[in-house]
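Okay, here's what each chain looks like letter by letter:
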Protein chains: 4
Amino acid sequence: MKIGRQEERSSAISTSNPDTIVVRGRDLARELVGAISFTEHFWLLVTGAMPSAAQRRMLDATLVAIAEHGLVPSVQASRMTLAAAPEALQGAVAAGILGCGSVVFGSSEAAGRFFVTIESRAAAGADLEAAASAVVREYRAAGSAIPGYGHPLHRGADPRATRLLEVAAETGIAGRHVAIATLVERLLPGILGRPLTLNVSGAIPAVLLDAGYPVTGLKGVPLLARTAGLIAHLVEEQRRSIGFVMSHAASQAIDYDGETPPGFKPTDEA
Amino acid sequence: MKIGRQEERSSAISTSNPDTIVVRGRDLARELVGAISFTEHFWLLVTGAMPSAAQRRMLDATLVAIAEHGLVPSVQASRMTLAAAPEALQGAVAAGILGCGSVVFGSSEAAGRFFVTIESRAAAGADLEAAASAVVREYRAAGSAIPGYGHPLHRGADPRATRLLEVAAETGIAGRHVAIATLVERLLPGILGRPLTLNVSGAIPAVLLDAGYPVTGLKGVPLLARTAGLIAHLVEEQRRSIGFVMSHAASQAIDYDGETPPGFKPTDEA
Amino acid sequence: MKIGRQEERSSAISTSNPDTIVVRGRDLARELVGAISFTEHFWLLVTGAMPSAAQRRMLDATLVAIAEHGLVPSVQASRMTLAAAPEALQGAVAAGILGCGSVVFGSSEAAGRFFVTIESRAAAGADLEAAASAVVREYRAAGSAIPGYGHPLHRGADPRATRLLEVAAETGIAGRHVAIATLVERLLPGILGRPLTLNVSGAIPAVLLDAGYPVTGLKGVPLLARTAGLIAHLVEEQRRSIGFVMSHAASQAIDYDGETPPGFKPTDEA
Amino acid sequence: MKIGRQEERSSAISTSNPDTIVVRGRDLARELVGAISFTEHFWLLVTGAMPSAAQRRMLDATLVAIAEHGLVPSVQASRMTLAAAPEALQGAVAAGILGCGSVVFGSSEAAGRFFVTIESRAAAGADLEAAASAVVREYRAAGSAIPGYGHPLHRGADPRATRLLEVAAETGIAGRHVAIATLVERLLPGILGRPLTLNVSGAIPAVLLDAGYPVTGLKGVPLLARTAGLIAHLVEEQRRSIGFVMSHAASQAIDYDGETPPGFKPTDEA
């Protein structure tokens, strides 16, 4: 069945014939393979143009920053899935990236849209600080968390965010969105009554939007980066499996508080 | 419940405290972010050591080679999923990488194991050509395809495979596994009665095993690379949606050949 | 790391010892297996109580209604995934259900929340018709589709919706939410300037909310039902594979409109 | 591109026009909705024919038996995923069913193929006990687990398996495959040197193959059933979230044994 309007019928990413694969207008095998880095290729794929050296360095920095942070929920889900289904590594990677959501490691895009909203208010004539303050208050009124701020472990400062802003300064990329990100960090204690520092998911859109990377591709950065981390964990899981060890510990942390049939005796092993 | 033996209870990839995130023994924010490329970071994550310049260039070349090949099945599944569920980009990426299987773009690991089997036979004393020939015949006898050979479009030669072998020669990485890969290509016409050329999924393990990359991580290469391609397609899908256009065309290609209730009249729109 | 407040530390669904598995307070093997239907078990799992005969019949009707509708996008994604990765049926099912999103077949929950919003406005004192009209206009003003109305193929009436309302009447379940659903259908032409009939994703929450099924479980109904349809398609795909046939047709429907390197000649086979 | 032979171009499951949806030759809305149970519909979808009362009861029993067993790895992965990405319930269900693999809860199909292998050896003239014994020894020689036997918690007997065989006897369905399943259970101590009892994943294919259900659909039974259990857990997770509680406990169970930079001090919070 025909769903929606279906007016678009073309794509501009890749085509091929038996001899040549074209990617973003280039001959993949003859122009790109062996000549450019994977990070340059990712930028080219997403934007259609080759990055400058500064853009490449900035994108590399964000991908390195967010790729790995130990046994976080998505890594646990991935390793448990491989332990249960070792025949499908792709399934274990998929289970992991499905945890790239709005709460934990997928908030880069939400933070990017938050910065863009402040920027467009200011572009429409508002004072930047007034615009930032108003948007923060609107998020609060709607019961939404401020995306890109606060971290359960790195409460004083997220060292990755700090470093990404340094790289943005070093490369000359830091601009309007970095300014907004640091402005919001400065305003939050007054509005919330407590400090909440910029985290890696806030720093990533700040530096990448300033670098000219599109907001619609922001969620792709943690997704691509974390896939690298997941693969490392799945290589380790094949050698020393801890998926079921983690699952056992997790189940031990939870009590059953429903009813039981007459005579049922719980065991230590839930 | 406690599943399996559960002897392993540790991981060597990452740890952290409020100030510092450790990845593979390094201080992530102070030593790695802004200093190394994402490809170097991926090698470090998977192997625990930094790559040489040649290893990095070889890994970059494979990731660039396999990232994108147009509207292949996994890309279609991904774009259809985003059209249906735009609220979850991570779900669309997951749907795409679930197609990284044994038949289409996930055969790098199978090809790697195929080369390793030939290599270990030869290491045990067999002549290399005899070993290769024997293993090919065993795959055929078991009804298995020869992984890493043949392509539905690039029948004469897969330009990506050709280029990857060139880069392996340029970097001095080409060794035993590249030799096996080209030997098998030479032997296949005599065994199968028709030529079957090395494809990108055969070239990737040949050059990466020679570079010292582990066989258990081979499937991660197409998975990581294709994630980059999927993200580019999903960025495009947000601007010009073709997911339901492709779905309509796909459904039109298939007839219904089951029974129908009395009086049922088919329409053009299946 | 400790994410969030973590106050809850218990679950009331299932516990077990070596002899007995307890599900919702019952002895699974001795009380439920062989004694109740899967639909009754699903209601018990979700709500903690056994359904009445009318509740069971209503839930059965919704599950049967939404399980299957031919080669829709999610089925295509699933069959393409199995063709590419036949080693992991679970991956193909996962790829299919990831398309249960806000646009296509996952709108039952959104429609349920839409009805609940109208109901709570009316419960707070508004006239039901005024409440419905106001909520519809708010959705329109926000640029949101009215969830549960309209269908790309069944424009005059969705026969599944019609039948579900009949079953709700036959079982005596039809109540406030069915009334709201039909009221909105009556109001829409006046507000939108064109008719838009109740579809299956609108009828499901109307009848299930009236049956006492929880709004947080509404999305589970199309998810569970469509899993049954996907499995049927994957059983057929194993016998006669059309995954790559659909993919070929889909790719033929899309033109490449990007640049090409000098001398590149397109082929019929994109 | 055209992958594979592409000879099949039809499907026999469903078609539709604006007034009527046809499923397996029936008018879905007028013949099936409100008239048959979801379990009957699942049988119809998979096999193309309506089940007998005994077949329906047997399928219901297996679906009820395998739907839920507490906080197993797949449920944990699913609840952690919803905690991280509450915007996509379909993603959390997908993450859960990706754990329906060869090791943990997806072994019904492998057990079914094991029984069919024994049956076909016997049908070819071998004594049934000799055939069973030979196939068990072949699995052992290949280093494969015997699918359908043994359970980490229910060591004496899996109460679900016991009950499913009772239902198969009550319904008159028990036949050749149930006989093979119990024969293998009797032979295992002599071959392995220790008892290993039939588990639920062995009982399901035994009773369903005897009921006439196809071997290619066996994996669909735990997949469909566990989807019901996952939905119940995700409804509970929305009310009382334990996803991150489990994740914290899981991470606490694992030590970091890699290197650390000079001066790095671990915290209690890994």
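Let us look at the structure shown here. (Residues numbered from 1 in each chain as written. Chains lettered and ligands numbered in written order. Predicted model: local features only at pLDDT ≥ 70, side-chain atom pairs only at ≥ 80, totals over all residues. Heavy atoms only, no water.)

Of the residues lining the interface, 85 residues belong to chain B; the matching set on chain A comes to 85 residues. Roughly 7,500 Å² is buried in total at the junction of chain B and chain A, and carbon and sulfur atoms are behind 68% of that figure. When the buried area of chain B at its contact with chain A is split by residue, F38(B), V64(B) and Q90(B) rank highest and sum to 10% of it. Counting the contacts that link chain B with chain A gives zero salt bridges. If you look at where chain B meets chain A, you find 24 residue pairs in polar contact (both at pLDDT 80 or more). Top element by residues in the side of chain B that touches chain A is helix α11 (residues 220-239) of chain B. It accounts for 13 residues. Residues of the side of chain B that touches chain A, tallied by class, amount to 43 nonpolar, 26 polar and 16 charged. (Contact = heavy atoms within 4.5 Å. Buried area = accessible area lost by both parts, 1.4 Å probe. Salt bridge = Lys/Arg side-chain N within 4 Å of Asp/Glu carboxyl O. Polar contact = N/O pair within 3.5 Å; in protein donor to acceptor, adjacent residues only side chain to side chain. Helix = DSSP H or I, 4+ residues; strand = E, 2+ residues; numbered from the N terminus. Nonpolar A, V, L, I, M, F, W, Y, C, P; charged D, E, K, R; others polar.)

Residue and element names in this part refer to chain A. The strand order across the open sheet built from three strands is β2-β3-β4, with neighbouring strands paired in antiparallel fashion. Looking at strand neighbours, the two that pair on one side only are β2 (14-16) and β4 (26-27), the edges of this open sheet. Sheet topology note: the strand β3 (residues 21-23)/β4 ladder contains two bridges and is antiparallel. Bridged to V23 within β4 is R26. (Pairing = 2+ DSSP bridges.)

Right, let's get into helix α5 (residues 89-97) of chain B. The buried count for α5(B) comes to nine of nine residues, which makes it a mostly enclosed element. Each element contacted by the buried residues of α5(B) is listed here: α5 (89-97) and α11 (220-239) of chain A, α4 (73-84) and α11 of chain B together with α4 (73-84) and α5 (89-97) of chain C. (Buried < 20%, exposed > 50% of the residue type's maximum accessible area, 1.4 Å probe, protein only.)

Glancing now at the packing of aromatic side chains. Evaluated as defined, the whole model comprises 18 aromatic pairs over all chains. Measuring from centroid to centroid gives 5.0 Å for F114(C) and Y139(C), while their planes differ by 75 degrees, and the two rings are edge-to-face. Here Y139(C) lies in helix α7 (residues 128-141) and F114(C) lies in helix α6 (residues 108-123), a separation of 25 residues in the sequence. By relative accessible area, which is 0% here, F114(C) ends up buried. With relative accessibility at 23%, the residue Y139(C) sits in the partly exposed group. Plain terms: the ring middles of F114(D) and F115(D) are 5.6 Å apart, the flat faces sit at 50 degrees to each other, and that makes the pair tilted. Under the relative-accessibility criterion, F115(D) is labelled buried at 0%. An aromatic cluster is defined as three or more aromatic residues linked by ring pairs; in this entry it consists of F42(A), W43(A) and Y213(A). (Phe/Tyr/Trp six-rings, centres within 6.5 Å; stacked < 30°, edge-to-face > 60°.)

Once turned by 180 degrees and shifted 0.0 Å along the axis, chain C lies on chain D with an RMSD of 0.0 Å. Taken together, the rotation and translation relating the two chain copies correspond to the operation of a two-fold axis. Minimal C-alpha distance to the rotation axis in chain C is attained by A94(C), lying at 2.4 Å. Comparing contact sets, 100% of the residues at the interface of chain C also lie at the interface in chain D, consistent with an isologous, same-surface contact. (Least-squares fit on C-alpha atoms with pLDDT ≥ 70 in both.)

For the rest of this paragraph, the subject is helix α11 (residues 220-239) of chain C. Helix length check: α11(C), at 20 residues, gives a terminal C-alpha distance of 29 Å against a target of 28 Å (1.5 Å per residue), a fit within 8%. Most of α11(C) sits inside the fold, with 18 of its 20 residues counted as buried. (Expected span 1.5 Å × (residues − 1).)

Considering the arrangement of structural elements, one finds S37(B) in the loop between α1 (28-32) and α2 (38-47). Those residues in contact with S37(B), other than ones at most four positions away along the chain, are D60(A), V64(A) and R56(B).

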